[in-house]
Structures are given as C-alpha cells and as structure tokens.
Amino acid sequence: MDKREAIGSWLSGPRAAVEGAGADLGYRGEQLGLPEEGPGSIARPGRRLGALVVDWALCSLIAYGLITGSYDQKTSNWVLLIFFVLSVLTVGTVGFTPGKRLFGLRVVDLATGRPSPLRALLRSALLCVAIPALVWDRDGRGLHDRLARTVEVRL
C-alpha cells in the first residue's frame, strides 16, 4: 500500500478502507433485513441531524418562552429536560418526534415494529447523554439505538 493510499483511507473512513481492501460489507441495514433505499431503509445521518436540530430548537423555544424568559444555564437545563420528555412521550407513542416527522423519519423496534415506552425511555436517556449517539455501527445505528434494540428508518 502506498503512503498516499494509507492517508486517503483514514480520510474516507474505515468502511471505504475495508471495501477498498476487497471486503463486501453490503448496504446499511442489510443485516437487519431492511431495504437498501426508500421507505423502511436506514435513516441517513443528515436527516437525523436535521431532525435533532428541529427538536432542540423547539425545546429551546419552549424553555425560553414559557419557563425562564432569559437564556442562561438554567434555560439549557430546561431544554435538555423538555427534550427528554418530548422524546420519551412522542417516540414511545407514535414513533417519532416533531423533527423526525418533518424529515420523514420514524423509530421502530426491531422485534415488533413499534417501540415500547420503556425502550423509548432507555433510548432517550442514552440520547441525552450524547456519547452513545456519537458511536455508530456499520449499519449507521447509534449505540443508543443498539442498546434499546431500535432503528431509525425513513417513512
């Protein structure tokens, strides 16, 4: 392997490096039995991030406008609490938050297709910690989704 190829491999990510070595990893979600594209396929990171930004902005407006009236540390704590409650209630009942619905996403349980309130509670708690959401597997699922046995798919 040339030095340029070695440097380029870490720039394009581990998946590209493994596929460049000849391994066939398949598409994201193949191991979970999900389609490659279209409804029911694994949600892409851009949509997931967009949905998170919309939900966070909504929670910020609620905390600022209805609770604190100013933006300080107290408001940030309220935003996190409102985000947690919003996520548990909406994902545990209908499967999506307002941001996820806007971006055409839904959280599903791998076994039943609908996340239970307990799974939504675990997923939301891990999402609020933030670190599990930043650790992904080869299917693009965050650690919070793996531990709750859920997956975020496109509608």
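The following refers to the structure shown. Here the structure is a predicted model, which means the values were calculated and not measured. For every chain, the first residue of the written sequence is number 1, and numbering continues from 1 along that sequence. In keeping with the predicted nature of the model, local features appear solely for residues at pLDDT of at least 70, side-chain atom pairs appear and are counted solely at 80 or more, and the whole-chain, interface and lining totals rest on all residues. The basis for every side-chain value is the complete set of non-hydrogen atoms in the structure, without hydrogens or water.

**A closer look at the overall build of the protein chain**
Thinking step 1. For helices the rule is a DSSP run of H or I covering at least 4 residues; for strands it is a run of E covering at least 2, with both sets numbered from the N terminus onward. Regarding its fold elements, the protein chain presents eight helices and two strands.
Thinking step 2. Starting at the N terminus and walking to the C terminus, you meet the elements of the protein chain as α-α-α-α-α-β-α-α-α-β.
Thinking step 3. Within the protein chain, contacts between residues separated by at least 24 positions form 59% of all contacts whose residues are at least 6 apart in sequence.
Thinking step 4. For accessible areas, the Shrake-Rupley method is used with a probe of radius 1.4 Å. Any residue's cover is judged against the shown protein chains and nothing else. Carbon and sulfur atoms provide 65% of the accessible area of the protein chain, an area that totals close to 9100 Å². Whether two residues touch is decided by their heavy atoms; if any such pair falls within 4.5 Å, the residues are in contact.

**Section: the pairing of strand β1 (residues 105-109)**
Thinking step 1. Think of it in three bands: with a 1.4 Å probe and only protein chains considered, a residue is buried below 20% of the maximum accessible area for its type, exposed above 50%, and partly exposed in between. Here β1 lies mainly inside the structure; four of its five residues are buried.
Thinking step 2. Between any two strands, at least two bridges found by DSSP are needed for them to pair. In this structure, β1 lies alongside strand β2 (residues 150-154), joined through five bridges in antiparallel fashion. Bridge pairing in β2 links Leu 105 to Arg 154.

**Topic: the packing of helix α3 (residues 45-68) against helix α4 (residues 73-93)**
Thinking step 1. Working convention: axes come from line fits to C-alpha atoms, limited for helices to the stretch in contact. Angles between N-to-C directions cover 0 to 180 degrees. Their axes nearest at 8 Å, the elements α3 and α4 cross at an angle of 125 degrees. It follows that α3 is oblique to α4 by the angle criterion. Our pair here, α3 against α4, has a crossing hand that is right-handed. Within the contact between the two elements, α3 uses Leu 52, Asp 55, Trp 56, Cys 59, Ser 60, Ile 62, Ala 63, Tyr 64, Ile 67 and Thr 68 and α4 uses Lys 74, Thr 75, Trp 78, Val 79, Leu 80, Ile 82, Phe 83 and Leu 86.
Thinking step 2. Split into classes, the residues belonging to the contact of α3 with α4 amount to 13 nonpolar, three polar and two charged. Each angle is binned into one of four classes, with values under 35 degrees roughly parallel, values over 145 roughly antiparallel, values of 65 to 115 roughly perpendicular, and all other values oblique. In this scheme the handedness of a crossing depends on how the near helix is turned from the far one: anticlockwise by less than a right angle means left-handed, clockwise means right-handed. Throughout this entry, Asp, Glu, Lys and Arg are counted as charged residues, while Ala, Val, Leu, Ile, Met, Phe, Trp, Tyr, Cys and Pro are counted as nonpolar. The remaining residues, Gly among them, count as polar.

**Section: the environment of Val 94**
Thinking step 1. Take Val 94: it is sitting in the loop between α4 and α5 (98-102).
Thinking step 2. Look at Val 94 and you get partly exposed, because its relative accessible area is 38%.
Thinking step 3. It is 8.6 Å that separates the C-alpha atoms of Val 94 and Arg 106, two residues lying twelve residues apart in sequence.

**Regarding unusual backbone geometry**
Thinking step 1. In this structure, Ala 130 takes a positive phi of about 80 degrees despite not being glycine.
Thinking step 2. Along the polypeptide, Ala 130 turns up in the loop between α6 (117-129) and α7 (131-134).
Thinking step 3. For Ala 130, a relative accessible area of 35% puts it in the partly exposed group.
Thinking step 4. Its identity is not glycine, yet Arg 149 carries a phi of approximately 55 degrees, on the positive side.
Thinking step 5. Note that Arg 149 resides in the loop between α8 (143-148) and β2.

**Overview of the nonpolar core**
Thinking step 1. Judged by nonpolar contacts, Cys 59, Ala 63, Val 79, Ile 82, Phe 83, Leu 86, Leu 127 and Ala 133 together constitute the single largest core of eight residues.
Thinking step 2. Going through the elements one at a time, α3 and α4 are the ones with two or more residues in this core.
Thinking step 3. Per element, the largest residue contribution to this core is four residues, and it comes from α4. What is meant by a nonpolar core is a set of buried Ala, Val, Leu, Ile, Met, Phe, Trp, Tyr and Cys residues, joined one to another through side-chain atoms within 4.5 Å.

**Digging into the packing of α4 against α6**
Thinking step 1. Axis separation between α4 and α6 bottoms out at 8 Å; the angle between their running directions is 150 degrees. By the angle between their directions, the pair α4 and α6 is classed as roughly antiparallel. Crossing of α4 against α6: the hand is right-handed. The segment α4 lies against α6, with Leu 80, Phe 83, Phe 84, Ser 87, Val 88, Val 91 and Gly 92 engaging Pro 117, Ala 120, Leu 121, Ser 124, Ala 125, Leu 127 and Cys 128.
Thinking step 2. Of the residues contributing to the contact of α4 with α6, the split by class is eleven nonpolar, three polar and no charged.

These values are about where atoms sit, not about what they do.
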